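# Structural characterization, general
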Amino acid sequence: MVTIYERKLGFEGKPGLSRRELLKRGGASALLVISGSAVISPEHAWGLETSALKPETMATLIQMARDIYPHDQVPDKYYAIAVKAHDEQAGKDPAHKDLIEKGIADLDVKSGKDGYTGLGWEEQRVAVLKQIEGTPFFQAVRGGLVVGLYNQKEVWPIFGYEGESYSKGGYIARGFDDIEWL
Amino acid sequence: MAAPFDLKNDGVVVIIGSGAGGGTLGNELAQKGVDVVILEAGARHEYEDFINDEWDSFAQLAWTDKRTTSGDWRVAKDFPNLPAWIVKSVGGSTTHWAGASLRLQEHEFKTLSTYGKLEGATLLDWPITLAEMEPYYAKAEAKMGVTGTNDWPRLPGNNNFKVLKAGADKLGYKECHTGNMAINSVDRDDRNSCQQTGFCFQGCKWRAKWSTLYAEIPKGEATGHLEVRPNAMAIKINHDASGKVTGVVYADKDGKLQEQKARIVAVAGNSIESPRLLLNSASSKFPDGLANSSGQVGKNYMRHTTGSVYAIFDKPVHMYRGTTMAGIIRDEARHDPSRGFVGGYEFETLSLGLPFMAAFLDPGGWGRSFTTALDHYDHMAGLWIVGEDMPRAENRITLHADMKDEHGMPIADVHFDDHANDTAMRNHAYKQGSALYAAVGATRTFPTPPYPSTHNLGTNRMSEKAADGVVNKHGQSHDIKNLFVSDGSQFTTGGAENPTLTIVSLAIRQAEYIAGQMSAKSI
Ligand SMILES: Cc1cc2nc3c(=O)[nH]c(=O)nc-3n(C[C@H](O)[C@H](O)[C@H](O)COP(=O)(O)OP(=O)(O)OC[C@H]3O[C@@H](n4cnc5c(N)ncnc54)[C@H](O)[C@@H]3O)c2cc1C
Ligand code: SF4
């Protein structure tokens, strides 16, 4: 099971985490920390526990998700939620685990000695993604994101989409025709 | 009270499908005292159960049984197993539909005579004219509460409409308004008026929008002459030695096969399932499928020439607020070959929520070009192009050679290639649509490819001569006189207009004919 948890305490305060953290610096992205079986965002106080995929794989997957659908105003947490289904599916289906682990390993090889997240600029990473665009691995990740990312109710307000409206009586008294600049 | 009819009752009319065609026919017949059983593959979800959420609603209502696709249309690449966005639920696609209700134009009933022969197209005149249809259009508009008819006011324009209207004015378009919508603009028919909720595609929780689910079926049930049997998937239509149909085999809610006997069978499963069922009912007497002596069953599949144009502005629009499709420009709907194509198209307002926009704006697209479009979602306006597409013999529904559904019925393959006329029309519309938004100050426009088909037409076409089509002007099959087709698959050609008003009008007309033939004992 993958759990995304809000970290109430600071990173040091989370019990059970060893100190052999491996720091991963995604080029343009925020700092993600690997600890045991978790990917942690110390700055933004959330963590993601993996069970089937390696946490390093998950961290790279999160960066890859952002590079496929980059929205600078959307925090990493939502990308993490969007890709966590791959860990769940990998737990049930060894073929899927293989697809993701090998796909990420391949991505790292193609990216040079510091791997995919070692590439500092989005353009550099996108150039690598372009090489694998047609692969089942890329399509599985991209396809999953279309619903996994954009169907999170929490991200809708970031885009100005208001979602459900029936319980509020529709928009008849809430601005269905409030445009003023025409 | 809903009347449960015995499986062995061979006096009933069995209708397959409870959507625009089947649901209307069922109620109309019941009102005339004819006993009717509607077999509906989907479950019954009442309006309270509808969900203001695009994917959840899709999961609740849409037809997601597997289909395959082929041909050069982009849907085959982007959505290989979802050629059509239609419904499997009581009420059929009238739960999802947007309510745009337009009459076909006079020349659209006579395309072969008007456009002339076109290479690669199987144009044909309808065996009925607009004049013959007019009284039925009037009845349908009255029944459905179509705005702009019968003194019902049009709906107020939402933000998306206002942008469209401003652009239409700039381009000099003359006929632009909030449409003829089967959506209550005032309380009527014991149903609410539109509350501008903006989830028309997800089922109207206010019942402001006409649907057979709550505007036809309960009235039919109240007569005691109509039974709607949900979770009943028709698989085969049986016939006797004389060739008359005698009953319908269906899988019930537990997957068990049952046979409902029938005096008359009317097929209304929408234009993919209706031919699938006729083809799957092949027998030694009818080796090519029922009603298929012409070989036309499944052919001439049409889906309208569609596409969308979305545009981003430097100021907010909030297009998703309010009635999804209440906005139209009709100036391009005329037949004017000087534009480089025959037939015409309509512009209608359209909006998708963020989740569907992500899925449909540029399927398969990724990277900043794609995401910067969504970043300005609340600054977007959108329109839909709906135009007449050319019927083609090769565009067709066939039974898959080896893939079968859970009941062992071969699944449908949907083949579609654009005709050059379709492509020319779409490109013209993209250009006009982009110019329209540019005229109001759009900073970026998106010619968006067609979605999985919402308008599915033509696969059991109506024809004067038995050799040219599947059914006559009453939707009665040329080959078997107690077998009818009652949905959009009867369309000889597609017209530029959204099809449902015509489907409903044909069903009202067909009910009169069937009841007349029954009392004359000729069927
Ligand atoms: C999102 C959306 C928006 C739309 N907007 C508009 C609009 O604004 N204006 C317009 O005119 N049209 C619109 N349409 C199209 C409109 O919904 C259809 O044209 C119309 O509903 C078709 O009617 P029908 O009777 O052919 O089929 P449907 O209404 O689709 O009904 C067919 C029914 O048959 C059932 N069925 C199929 N096969 C079987 C079987 N073997 N056994 C038992 N039951 C079966 C199905 O489950 C379904 O319930 C829209 C459609 C969609 C999806
Ligand atoms: S906008 Fe009007 S018609 Fe559409 S769902 Fe809301 S109330 Fe119903």
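Note: the structure precedes this text.
Just so you know, these numbers come straight off a predicted model, no measurement behind them. (Residues numbered from 1 in each chain as written. Chains lettered and ligands numbered in written order. Predicted model: local features only at pLDDT ≥ 70, side-chain atom pairs only at ≥ 80, totals over all residues. Heavy atoms only, no water.)

### Comments concerning empty space enclosed by the protein
Residues and elements named next belong to chain B. In the structure shown here, the tally under the stated rule is seven cavities of 30 Å³ or more. By volume, the second largest cavity amounts to about 130 Å³. Contributing to the lining of the second largest cavity are 18 residues, with T197, G198, C200, C204 and W206 lying nearest its centre. (1 Å grid on protein atoms, 1.4 Å probe; cavity = no way out; pocket = protein on both sides within 12 Å on 5 of 7 lines; lining within 4 Å. Points joined across faces, edges and corners; volume = space filled by probe spheres on them.)

### Here's the deal with the interface of chain B and chain A
At the junction of the two partners, chain B supplies 42 residues and chain A supplies 40 residues. Carbon and sulfur atoms make up 62% of the surface buried where chain B meets chain A, a total of about 3600 Å² over both sides. Of all residues in chain B, B:R321, B:W366 and B:R368 give up the largest surface area on contact with chain A, accounting jointly for 21% of the area buried on that side. The tally of links from chain B across to chain A stands at five salt bridges. Residue B:R368 pairs with A:D72 through a salt bridge whose shortest N-O separation is 2.9 Å. (Contact = heavy atoms within 4.5 Å. Buried area = accessible area lost by both parts, 1.4 Å probe. Salt bridge = Lys/Arg side-chain N within 4 Å of Asp/Glu carboxyl O.)

### Points about the site of ligand 1
All names here are of chain B. In the vicinity of ligand 1, 39 residues are found, and the nearest of them are E40, S93, A234, N270 and T500. Between ligand 1 and the protein, one listed contact pairs an oxygen atom with a side-chain N or O atom of E40 at 2.6 Å. Contacts to ligand 1 include V87, whose backbone N or O atom sits 3.5 Å from an oxygen atom. Within the complex, the protein chains bury 99% of what would otherwise be the 990 Å² of accessible surface of ligand 1. Sorting the residues of the shell around ligand 1 by element identifies α1 (20-31), β6 (233-239), α9 (270-280) and α13 (500-519) as the ones contributing at least two each. When the residues that make up the shell around ligand 1 are grouped by side-chain class, the tally is 18 nonpolar, 17 polar and four charged. (Near = heavy atom within 4 Å. Polar contact = N/O pair within 3.5 Å; in protein donor to acceptor, adjacent residues only side chain to side chain. Areas by Shrake-Rupley, 256 points an atom, 1.4 Å probe, with all protein chains shown as cover. Helix = DSSP H or I, 4+ residues; strand = E, 2+ residues; numbered from the N terminus. Nonpolar A, V, L, I, M, F, W, Y, C, P; charged D, E, K, R; others polar.)

### Details of the sheet that holds strand β1 (residues 13-16) of chain B
Residues and elements named next belong to chain B. The sheet built from five strands is open, its strands ordered β5-β2-β1-β9-β17 with parallel pairing. With partners counted over all chains shown, the strands left at the sheet margins are β5 (226-229) and β17 (483-485), one partner each. Strand-to-strand twist of the sheet, defined as the mean angle between neighbouring strand axes without regard to direction, takes the value 20°. In this sheet, β5 lies alongside strand β2 (residues 36-39) in parallel orientation, the contact comprising four bridges. Residue pairing across strands places L39 opposite R229, the latter belonging to β5. Across the face of the sheet, α1 comes into contact with β1, β2, β5 and β9 (264-267) while running at roughly 165° to β2. (Pairing = 2+ DSSP bridges. Axes fitted to C-alpha atoms, helices over the stretch in contact; angles between N-to-C directions.)

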